[in-house]
Amino acid sequence: MTTQPPALLIAGHGTRDEAGAEAFRDFVKELGRRHPELPVAGGFIELSPPPLGEAVTELVERGVRRFAAVPLMLVSAGHAKGDIPAALAREKERHPGVTYTYGRPLGPHPALLRVLERRLDDTLGDTPREDVTVLLVGRGSTDPDANAEVCKAARLLWEGRGYAGVETAFVSLAAPDVPSGLDRVARLGARRVVVLPYFLFTGILPERVRRQTEEWAAAHPETEVRSADVIGPEPELLDLVMERYAEAVAGDLRMNCDSCVYRIALPGFEDKVGLPQQPHFHPDDDGHDHGHGHGHHHGGHTHSHAH
């Protein structure tokens, strides 16, 4: 008898925007249609139905004992790090005998960078990229690591694609906000700017980004400003969720390998893929003693100098 693969539980932020909530629910349905072999359900942490707990109950009622939870979020902030694990722990108590693994957030992944690039192309038409500065606008968080992830996505989007620059701003909780971000790129000499929302689906926050962009543009006619669209339910996003699911099921929760030039063909760095990683020695390291058993011990860890 073949054992059924673990079910897929999609965890969303939640939004007060009905169109945004509907986009999430449609996305979950589409995943289920594409993967009839898997029970798939999705729910929100807050603000919109269905709640995550209801999605777990739905799976349990369908006979599910094991599931993998994937946060449908671009960055790992308080929700992905705290709220979802807490909610899942509560569900485990509520449904004895159920086990789960927890996947990692989606970005910054080369597949999503390709979609962002497409959104820019849709907006730019024939405008040469070297004339364009991109302002990537993230949700914004009180978690510095989450904000840093948006900067990382911006840097990866810039690498090898030929834009004049890619800068970052945030729509809430972190500086610079959208108007300040636009002021900043103008001071850096940007003449043509595309504001690119780093959001999966439409919602109150992406709409706020668009509105603030329009207001700033009206007050600064000397700068050409355009707004790009959100990522949306693209095939790349559907595939990426399944990649995160597969990692969670396999227990393969890696470090930041998605954007590693030795694993992934990033624009302009394609020649590095698959290169063997040679040990290299840092001249400022102390005491290289490479005899057996004489590694540097710090708190029980032996550091190897291979990368």
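K.L.:
Please clarify how the overall build of the protein chain should be interpreted in this entry.
P.N.:
Scanning the protein chain for helices and strands turns up eight helices and 10 strands. Going through the 307 residues of the protein chain one by one, you find that 47% of them count as buried. Summed over its atoms, the accessible surface of the protein chain is roughly 15,400 Å², and 53% of this surface lies on carbon and sulfur atoms.

K.L.:
How do you make sense of the packing of aromatic side chains when you look at a structure like this?
P.N.:
One pair of aromatic rings is described through two measures. These are the centre distance and the angle between the planes. Applying the stated rule across the entire model yields three aromatic pairs. Ring centres of Phe24 and Phe44 lie 4.3 Å apart, and the angle between their planes is 40°; on these two criteria the pair is classed as tilted. Remark: Phe44 occurs in strand β2 (residues 40-44) and Phe24 occurs in helix α1 (residues 18-34); sequence separation between them is 20 residues. Here Phe44 falls in the buried class, since its relative accessible area comes to 4%. Taking 5.5 Å as the distance between ring centres and 15° as the angle between the ring planes, the aromatic pair formed by Phe67 and Tyr100 counts as stacked. Taken together, the residues span a long stretch of sequence, with Phe67 in strand β3 (residues 66-71) and Tyr100 in strand β4 (residues 99-102) at a distance of 33 residues. The class of Phe67 is buried, set by a relative accessible area of 3%.

K.L.:
Teacher, can you tell me more about the sheet that holds β4 here?
P.N.:
Pairing between the strands of a sheet comes from backbone hydrogen bonds, and it takes one of two forms, parallel or antiparallel. If you walk across this open sheet you meet the four strands as β2-β1-β3-β4, and the pairing is parallel. Every other strand in the sheet has two partners, leaving β2 and β4 as the edge strands with one partner each. The sheet shows a mean angle of 25° between the axes of neighbouring strands, taken without regard to direction. The pairing of strand β1 (residues 7-12) with β3 spans five bridges and is classified as parallel. By the bridge assignment, Ile10 is partnered in β3 with Val70. Contacts between α1 and the sheet are confined to β1 and β2, with β2 contributing the most and set at about 165° to the helix. Where helix α8 (residues 235-250) meets the sheet, its contacts fall on β1, β3 and β4, and the angle it forms with β3 comes to roughly 130°.

K.L.:
Please explain the environment of Gly268 as it appears in this structure.
P.N.:
Structurally, the position occupied by Gly268 is in the loop between α8 and β9 (296-298). Since its relative accessible area comes to 58%, Gly268 is described here as exposed. With 108 residues separating them along the chain, Gly268 and Gly160 place their C-alpha atoms 5.0 Å apart.

K.L.:
What is the right way to look at the sheet that holds strand β6 (residues 165-170) in this model?
P.N.:
Here we have four strands laid out as an open sheet, ordered β6-β5-β7-β8, and parallel in their pairing. Only two strands of the sheet have a single partner each, and these edge strands are β6 and β8 (224-227). The average undirected angle you get between the axes of adjacent strands in this sheet is 25°. By the bridge criterion, six bridges tie strand β5 (residues 132-138) to β6 in an arrangement that is parallel. Residue Thr133 lies in a different strand from β6, and its bridge partner there is Gly165. Together, β5, β6, β7 (192-197) and β8 form the strand contacts of helix α6 (residues 178-187), whose direction differs from that of β5 by roughly 160°. Against the sheet, helix α7 (residues 204-219) makes contact with β5, β7 and β8, and its axis sits at roughly 165° relative to β8, the strand it touches most.

K.L.:
Quick question: what am I supposed to make of the confidence of the model for the protein chain here?
P.N.:
Low pLDDT marks regions whose predicted coordinates should not be analysed in detail. Chain-level pLDDT for the protein chain is 87 on average; 85% of the residues reach the 70-or-more range. Below pLDDT 50 for its whole length, residues 283-307 participates in 23 contacts with residues either more than four positions away or in separate chains.

K.L.:
Whenever I open this one, the nonpolar core confuses me. Can you help?
P.N.:
Soluble globular proteins tend to bury their nonpolar side chains together. The biggest cluster of nonpolar side chains holds 51 residues, and the ones touching the most others in it are Leu8, Leu31, Leu72, Leu106, Leu136 and Val241. Looking at this core, the element that brings in the most residues is α8, giving seven residues. Setting aside residues up to four positions removed in sequence, Val241 forms contacts with Leu8, Ile10, Phe27, Leu31, Val70, Leu72 and Leu106. One finds Leu9, Val56, Leu59 and Ala69 within the second-largest nonpolar core, a separate group that totals 18 residues.

Cut-offs used in this document
Residues numbered from 1 in each chain as written. Predicted model: local features only at pLDDT ≥ 70, side-chain atom pairs only at ≥ 80, totals over all residues. Heavy atoms only, no water. Helix = DSSP H or I, 4+ residues; strand = E, 2+ residues; numbered from the N terminus. Buried < 20%, exposed > 50% of the residue type's maximum accessible area, 1.4 Å probe, protein only. Areas by Shrake-Rupley, 256 points an atom, 1.4 Å probe, with all protein chains shown as cover. Phe/Tyr/Trp six-rings, centres within 6.5 Å; stacked < 30°, edge-to-face > 60°. Pairing = 2+ DSSP bridges. Axes fitted to C-alpha atoms, helices over the stretch in contact; angles between N-to-C directions. Contact = heavy atoms within 4.5 Å. pLDDT = per-residue confidence, 0-100. Core = buried A, V, L, I, M, F, W, Y, C linked by side-chain atoms within 4.5 Å.

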